[in-house]
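# Fold and contact review
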Amino acid sequence: MALNQTPAAQRVHIGFFGRRNAGKSSLMNAVTGQELSVVSDVKGTTTDPVYKTMELLPLGPVMMVDTPGIDDEGELGSQRVKKSRQVLNKTDIAVLVVDASVGETKEDQRMLDLFQEKQVPYVVVHHKADLLTDVPAGSKGAGKRKRDLDLYVSSKTGVGIQELKDRLASMNSEAEEKDLLEGLVKPGDLVVLVTPIDKAAPKGRLILPQQQTIRALLDHGCICVTTRETELKQTLERLGEKPALVITDSQAFGMVSAIVPEDILLTSFSIIFARYKGNLKQVIEGVRVLDQLQNGDKILISEGCTHHRQCNDIGTVKLPGWIQSFTGKKLEFSYTSGTGFEEDLTPYKLIVHCGGCMLNEREMKHRLSCAKDQGKAMTNYGILIAHIHGILKRSLAPFPDIAALLEDKERSAAVPERN
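Predicted, not measured: the structure shown is a model, and the values here were computed from it.

### Details of the sheet that holds strand β11 (residues 298-303)
Sheets are built from strands paired through backbone hydrogen bonds, the pairs being either parallel or antiparallel. On the basis of which strands lie adjacent, the open sheet formed by four strands has the order β12-β11-β13-β14 and parallel pairing. Looking at which strands have only one partner, the edges of the open sheet turn out to be β12 (332-337) and β14 (377-380). Ignoring which end each strand starts from, the neighbouring axes of this sheet average 20° apart. Sheet analysis places β11 next to β12, joined by six bridges and oriented parallel. Pairing of serine 302 across the sheet is with threonine 336, part of β12.

### Here's the deal with the packing of aromatic side chains
Applying the stated rule across the entire model yields three aromatic pairs. Among the aromatic side chains, those forming a connected cluster through ring pairs are Phe17, Phe115 and Tyr122.

### Things to note about the pattern of salt bridges
A full pass over the atoms with the stated rule returns 13 salt bridges. Across the salt bridge formed by lysine 186 and aspartate 189, the nearest N and O atoms sit 3.2 Å from each other. Using a relative accessible area of 9% as the deciding quantity, one classes aspartate 189 as buried. As a salt-bridge pair, glutamate 231 and arginine 228 come within 2.8 Å of each other at their nearest N and O atoms. For arginine 228, a relative accessible area of 37% puts it in the partly exposed group. Within this structure, Lys90, Glu363 and Arg367 form a network of salt bridges that share partners.

### What about the sheet that holds strand β5 (residues 122-127)?
Read from one edge to the other, the open sheet built from six strands follows the order β2-β3-β1-β4-β5-β6, with strand pairing classed as mixed. Single-partner strands in this sheet number two, and they are β2 (50-56) and β6 (150-152). On average, each strand axis in the sheet is inclined to that of its neighbour by 25°, with strand direction left out of account. The pairing of strand β1 (residues 12-18) with strand β4 (residues 93-99) spans five bridges and is classified as parallel. What sits directly across from glycine 15, in β4, is alanine 94. Against the sheet, helix α3 (residues 106-117) touches β1, β4 and β5, its axis set at about 170° to β4.

### Focus on the nonpolar core
In this structure, Leu280, Ile299, Ile323, Ile383, Leu384 and Leu396 are the most contacted members of the largest nonpolar core, which totals 70 residues. If you look at the next biggest cluster of nonpolar residues, it comprises 24 residues, including Leu27, Leu59, Val97 and Met171.

### Details of the packing of helix α1 (residues 24-32) against helix α4 (residues 161-169)
It is the contact of α1 with α4, at a shortest axis distance of 10 Å, that shows an interaxial angle of 80°. Judged by the angle between their axes, α1 and α4 are roughly perpendicular. Each of Leu27, Ala30 and Val31 in α1 lies in contact with α4, whose residues at this interface are Ile161, Leu164 and Lys165. In terms of residue class, the contact of α1 with α4 is made up of five nonpolar, no polar and one charged.

### Quick look at the packing of helix α10 (residues 314-327) against helix α12 (residues 381-388)
A pair of packed helices is captured by two measures, namely the crossing angle of their axes and the spacing between those axes. Where α10 meets α12, the closest approach of the two axes is 10 Å, and the angle between their N-to-C directions is 35°. In terms of crossing hand, the pair formed by α10 and α12 is left-handed. In contact with Ile314, Gly315, Leu319, Trp322, Ile323 and Phe326 of α10, α12 contributes Tyr381, Leu384, Ile385, His387 and Ile388. Here the residues of the contact of α10 with α12 are counted per class, giving nine nonpolar, two polar and no charged.

### Observations concerning the side chain of asparagine 360
Tracing the backbone shows asparagine 360 in the loop between β13 (350-353) and α11 (361-373). Judged by relative accessible area, asparagine 360 falls into the buried class, the value being 3%.

### Concerning unusual backbone geometry
The phi dihedral of glutamine 119 is positive, around 55°, even though this residue is not glycine. Its place among the elements puts glutamine 119 in the loop between α3 and β5. Phi at lysine 128 is positive, roughly 65°, even though this residue is not glycine. Following the sequence through the fold, lysine 128 ends up in the loop between β5 and β6. Relative accessible area serves as the criterion here: at 22%, lysine 128 is assigned to the partly exposed category.

### Remarks on the environment of histidine 389
Within the secondary structure layout, histidine 389 lies in the loop between α12 and α13 (392-395). A relative accessible area of 35% means that histidine 389 is categorised as partly exposed. Separated by 132 residues in the primary sequence, histidine 389 and serine 257 have C-alpha atoms spaced 9.0 Å apart.

Cut-off values and rules
- Residues numbered from 1 in each chain as written.
- Predicted model: local features only at pLDDT ≥ 70, side-chain atom pairs only at ≥ 80, totals over all residues.
- Heavy atoms only, no water.
- Pairing = 2+ DSSP bridges.
- Helix = DSSP H or I, 4+ residues; strand = E, 2+ residues; numbered from the N terminus.
- Axes fitted to C-alpha atoms, helices over the stretch in contact; angles between N-to-C directions.
- Phe/Tyr/Trp six-rings, centres within 6.5 Å; stacked < 30°, edge-to-face > 60°.
- Salt bridge = Lys/Arg side-chain N within 4 Å of Asp/Glu carboxyl O.
- Buried < 20%, exposed > 50% of the residue type's maximum accessible area, 1.4 Å probe, protein only.
- Contact = heavy atoms within 4.5 Å.
- Core = buried A, V, L, I, M, F, W, Y, C linked by side-chain atoms within 4.5 Å.
- Parallel < 35°, antiparallel > 145°, perpendicular 65-115°, else oblique.
- Nonpolar A, V, L, I, M, F, W, Y, C, P; charged D, E, K, R; others polar.
- Left-handed = near helix turned anticlockwise from the far one by under 90°.

In structure tokens form, the structure reads like this:
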């Protein structure tokens, strides 16, 4: 990804859903103004979600997603329907595409119910309006749905396309842009970033959390110094002044915490992103299960991105090793990456997730909700590694409200119950 592009996780995700041959692909092509999805009269042409980034003013950078038909049949068809529902977990705004010549079906209504259940803002588009002899002058709703949620459009004639774009642009689910470093820094602060460069590091570039943090620091008017953990001691000695904050890659927590003086605030990229996506409290509570693991317990380690596994990969090698060494137990590990998060978490005692820099906030919250609803503990890389190294309290010190919550829980746990 080029440095001048908005990361996919920060884009508003707009998903197009509907039955086969409702015209989802041609409609998305019309909205984007590009031939992105294959269009055919044959049912089920779209077999995998198709993603396209674009600018949709005044909404800004968006991710358009074309999905397989929600009425697909057979074993492969059911897998495609499952993929469509998975897309909904990351969708900020949903577009239900209904074939206007057929009308709404039971599959359409089930999808509408799902939108409402997941609280996803949506619009219903009656597509192929050019086939109607009498297009309704106004919008008409179905059941309890509001009338202003329906539009009649045609990708063939262009009728209603601009109105649909205007409607989507006005439906931003998160009107206020979030600040990655809110309350952590102020203009003029000196901040040191520790970025290990090992075999897993992409050649010629930094990983996304590091890129986004550097940009956020520049936006705040901070002075940013980037170094490897192997040069950190020398860097601190040569700075001439004490940094306001040190942010490190989680896997270097142990080495970095030993080098950085106690009077300098220290945290990790993973912890910053957990707060940014609104799940810091839950992952802090989840890490407590690490102290309760028993032989044979199963742990799921999940990453939001897909990448080539290296010989010393953090998710499949380092984390399992650290966890086994810390607990002294024989544990079983499973792994997922990308969109392959498991919906059934009942076999697992603990879920350990990456910082989720490649996932938007809605999908990250969905994964956390899956764990919470099933009564399963979930933590993230940074919190777990800090706990293992005995520096969890220190790593949360930059976030006073969260640190206070942790201390309150520790005090409560230390007070014996009265009979």
